[in-house]
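# Fold and contact review
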Amino acid sequence: MNLEKNVQVKQPKYQQIAVDIASKIVERKYSIGDKIYARSSLASQYNVSAETARRAIAVLQDLEIVQASKGSGVTIQSYEKATQFVRQFQDVQSIHELQQALFISIQKQQQELYHLQDQAKQLVSRTEHFRSVNPFIPYQIELTDESPYIHQTAQALNFWQNTASTIVGIRRHHELLISPGPYVSFEVGDILYFIGNDESFIRVQSFLYPS
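Residues numbered from 1 in each chain as written. Predicted model: local features only at pLDDT ≥ 70, side-chain atom pairs only at ≥ 80, totals over all residues. Heavy atoms only, no water.

### Quick word on the overall build of the protein
Helix and strand content of the protein: seven helices and eight strands. Contacts in the protein between residues far apart in sequence, at least 24 positions, make up 68% of those at least 6 positions apart. For the protein, the exposed area adds up to about 12300 Å²; of that, 48% sits on carbon and sulfur atoms. (Helix = DSSP H or I, 4+ residues; strand = E, 2+ residues; numbered from the N terminus. Contact = heavy atoms within 4.5 Å. Areas by Shrake-Rupley, 256 points an atom, 1.4 Å probe, with all protein chains shown as cover.)

### What to know about unusual backbone geometry
A negative phi angle is the norm for most residues apart from glycine, just as the trans form is the norm for most peptide bonds. If you check the backbone angles, Arg 28 has positive phi at about 65 degrees while not being a glycine. Along the polypeptide, Arg 28 turns up in the loop between helix H1 (13-26) and strand S2 (35-36). When its relative accessible area of 56% is taken as the criterion, Arg 28 is described as exposed. Despite not being glycine, Glu 64 has its phi angle at roughly 60 degrees, a positive value. When you line up the elements, Glu 64 lands in the loop between helix H3 (50-62) and strand S3 (66-69). (Buried < 20%, exposed > 50% of the residue type's maximum accessible area, 1.4 Å probe, protein only.)

### Describing the pairing of strand S7 (residues 175-178)
Direction of pairing for strand S6 (residues 166-172) relative to S7: antiparallel, over a ladder of four bridges. What sits directly across from Arg 171, in S7, is Leu 176. (Pairing = 2+ DSSP bridges.)

### Remarks on H3
Taking 1.5 Å as the rise per residue, H3 with 13 residues should run 18 Å; its terminal C-alpha atoms sit 18 Å apart, in good agreement. Turning to H3, its buried residues number three or more, namely Thr 52, Ala 53, Arg 55, Ala 56, Ile 57, Ala 58, Val 59 and Leu 60. At the exit of H3 stands Glu 64, carrying a positive phi of roughly 60 degrees. (Expected span 1.5 Å × (residues − 1).)

### Observations concerning the sheet that holds S2
Sheet strands pair via backbone hydrogen bonds, and the direction of the pair is either parallel or antiparallel. Ordered by their spatial adjacency, three strands build an open sheet running S2-S4-S3, and the pairing between neighbours is antiparallel. Each end of this open sheet is capped by a strand with a single partner; those strands are S2 and S3. Here four bridges tie S3 to strand S4 (residues 73-76), and the two strands are oriented antiparallel to one another. Note on S4: the bridge partner recorded for Ser 69 is Gly 73.

Okay, here's the thing in structure tokens:
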């Protein structure tokens, strides 16, 4: 996977919002049982669409950090799980920073080989508990309008269950979404980066283009 200089690596907006809310819980700005903004207020506060705000709340609810119920709003449910979420997010961010440094180092001249090897060792040691196959180079595939799954999410398609592959990034135009999560929809022109076993590419290709 080559990173061009004008490609920005960023987390999906809804995931950024979810982490921000969880961080405020960890910082005790919210207490257990507190009500936080409704989805419409969150959308206004973070200057995003109501759907993006809904996805952020869905992430927190899936992790049992908050409880969202119709008519009752969103209630803070767990400080411990918010702390765990923030710590895991920070760990993944550190891994991504090492990975990006590795890709940049690959493009440098031969005299930087020792530095590159050091970065590679760090990357392997930090990521070996996340994946056991192809720790360096993910597979990639481009989505075209020939796929019947445009505008659908990985969660709705049971992507992992059907392909035994994990999506680690989505390149969309000049942005790269790292760890996009299950709620990002597939769009025409997206390039999916995924990891898995030796059969992963064939499985993903057959799944996305069944004809």
